[in-house]
Amino acid sequence: MVEKRPLVEALEQFHKKKPISFHVPGHKHGLLSNLPQPIRDSMQYDVTELNGLDDYHHPEEAIKAAEQLLTKLYNTDKSFFLVNGTTIGNLAMIYATCKYGEQIIVQRNAHKSIFHAIELVGVEPIFVSPEWDERSKTASYVSLKVMEEAIQQYPFAKAVVLTYPNYYGVSSPDLENIIRLCHSLQIPVLVDEAHGAHFRTHSEFPKSALLFGADVVVQSAHKTLPALTMGSFLHIHSDLIDSKKINKYLRMLQTSSPSYLILASLDDARSYVERYSPMDYKQLMDRREVFLEALGTISLIEVVQVDDPLKLLLRVGKYSGFQVRQAFEKENIFVELADPYQVLLILPLLKVEHEYAFAEIRKRIKSAVDQLKKENPDGINNLFQMEQKSISTLEMNMELLSEKQGEWIPYVRSIGRIAKGMIVPYPPGIPLILPGEKITVSILTELEDWLDKGALFQGEHRLEEKLIYVVED
Ligand SMILES: Cc1ncc(COP(=O)(O)O)c(C=O)c1O
């Protein structure tokens, strides 16, 4: 049985009328499109804010009803559907809490959208470094101790911005105490929970930051729930933040032509969470266990389990994650990301009725590993660990930085220089170098390690020519 989905129902009702389109979008229900037929079919539902379909920025009907159901499910003051991803939620929550020149405490391994928000608003970031998690070999959560020190040094910070869980599914044992500490000083806690939209489905998943009392939580519904790419949720549950202010920035920052396909998929994703039963979870875990056992019989494969059971880290002997990803892709298995150590798989949040070809996948993984061993008898094995000061600020503030000239120099000669461009290994999309930061030996060593292992980069760089962008001396 499908629960109420007001937005999906409104869209279906509208489609049933066989409407004639004299409005945008120009593809006219797919008629003018030369895209493949399955895509054209779905374009019949790609409509705009017409009578009966409500108004995204001033919802009164179906969108309002659907967002109310979301608000009720997550037990918040107000929850929103976002059509521009968690990226836009991150921007809106920072715009709504801080003004130009104010200080904000930010977890250093945040997504680039957080750094973009900081730059756009012109706030002064105080970076707090995460712990190194040896099990997943990733930068994970900020400890209570580091946060206590940061708050003691910067008691006038306007907000604390955390990422929870990290990309790899590592949660935080300190989150609840950090939120309590911040609230005792009236500092709101904003959480980028892009990778935790499914936590609400069962108590065995890590808890959502909402349950620990976070003020604003943004979740990429499209990452682990059955929502279309760009569909996210933003939740507010706070005595410290005015939901009207966040609403204002969401209206300013988001498109005035929302995709009804995305909106309907968010309504459906909310209903999926609501209907996800303990039986669904149990069966998913049973199937996962069988898959893990099957993977365990493939020589060289090590499976690392993290806090979120939907995430699996696969390591293959001495091969880097990039080599493993390439081998998997030859078997048409596409992973979420590769890093120097491993590849990350995101399992589907299956319900009892879903089939999934785990046995076939195991066969292909085995064949990929066999091929990898044959083609590359020698893997790469010089692994690194991020090293950072636990609390740091920018060497040069963004305003001054924008007035300075930049120059391109070989990165090997950049130690001690101030970066003018952002360098982001992608995925995971966590900046390695931020504009305004001083380039240190450890940052450079990490950059060389990423390059050695064939990582891809976003940001302002010419790494293929071994050049990076720094402030002119
Ligand atoms: C931690 C984190 N925050 C935010 C984002 C951006 O999310 P979205 O793609 O929904 O805009 C990502 C995307 O990978 C992410 O990993």
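Residues numbered from 1 in each chain as written. Predicted model: local features only at pLDDT ≥ 70, side-chain atom pairs only at ≥ 80, totals over all residues. Heavy atoms only, no water.

Draft legend 1. Just the pattern of salt bridges, in detail. Following the criterion strictly, the structure yields 22 salt bridges and no others. Among the salt bridges present, the one from Arg 5 reaches Asp 268, with a minimum N-O distance of 2.8 Å. On the criterion of sequence distance, the pair formed by Arg 5 in the segment before helix 1 (6-16) and Asp 268 in helix 10 (residues 260-275) is long-range, its members being 263 residues apart. We classify Asp 268 as partly exposed; its relative accessible area is 21%. Across the pair Arg 180 and Glu 176 runs a salt bridge whose closest N-O atoms are separated by 3.6 Å. Highlighted residues: Arg 180 and Glu 176, both in helix 7 (residues 175-184), separated by 4 residues, approximately one helical turn. On the accessibility criterion, Glu 176 (36% relative accessible area) is partly exposed. Each member of the salt-bridge network shares a partner with another, and the members are Asp 267, Arg 270 and Glu 274. (Salt bridge = Lys/Arg side-chain N within 4 Å of Asp/Glu carboxyl O. Helix = DSSP H or I, 4+ residues; strand = E, 2+ residues; numbered from the N terminus. Buried < 20%, exposed > 50% of the residue type's maximum accessible area, 1.4 Å probe, protein only.)

Draft legend 2. How the structure looks around unusual backbone geometry. The peptide bond linking Val 24 to Pro 25 adopts the cis configuration, its omega dihedral lying at 0°. With respect to the helices and strands, the residue Pro 25 is situated in the loop between helix 1 and helix 2 (37-43). In this structure, the amide linkage connecting Tyr 164 to the following residue, Pro 165, adopts the cis form with an omega of -10°. Mapped onto the fold, Pro 165 is located in the loop between strand 6 (160-163) and helix 7. The residue Lys 28 is not glycine, and still its phi comes out positive at about 50°. Mapped onto the secondary structure, Lys 28 falls in the loop between helix 1 and helix 2.

Draft legend 3. Structural view of the domain arrangement of the chain. Domains assigned within the chain are domain 1 (6-275), domain 2 (278-375) and domain 3 (394-471). On a C-alpha basis, the centres of domain 2 and domain 3 stand 33 Å from each other. Every contact between the two is made by 8 residues of domain 2 and, on the other side, 6 residues of domain 3. Between domain 2 and domain 3, roughly 540 Å² of surface is buried when both sides are summed, and carbon and sulfur atoms account for 77% of that area. Of all residues in domain 2, the largest losses of buried area upon contact with domain 3 belong to Phe 322, Leu 337 and Pro 340, amounting jointly to 67% of the total for that side. (Domains from an automatic or database assignment. Contact = heavy atoms within 4.5 Å. Buried area = accessible area lost by both parts, 1.4 Å probe.)

Draft legend 4. How the structure looks around empty space enclosed by the protein. Taken as a whole, this structure holds 2 cavities of 30 Å³ or more when the rule is applied. Quantified by volume, the largest cavity comes out at close to 50 Å³. Within the residue set of the lining of the largest cavity, elements represented by two or more residues are strand 6 and helix 7. Its residues assigned to classes, the lining of the largest cavity comprises 6 nonpolar, 3 polar and no charged. Of the voids in this model, the second largest cavity is the one considered here, and its volume is about 30 Å³. As for the second largest cavity, its lining consists of Leu 11, Phe 14, His 15, Pro 19, His 29, Gln 44, Tyr 45 and Val 47. (1 Å grid on protein atoms, 1.4 Å probe; cavity = no way out; pocket = protein on both sides within 12 Å on 5 of 7 lines; lining within 4 Å. Points joined across faces, edges and corners; volume = space filled by probe spheres on them. Nonpolar A, V, L, I, M, F, W, Y, C, P; charged D, E, K, R; others polar.)

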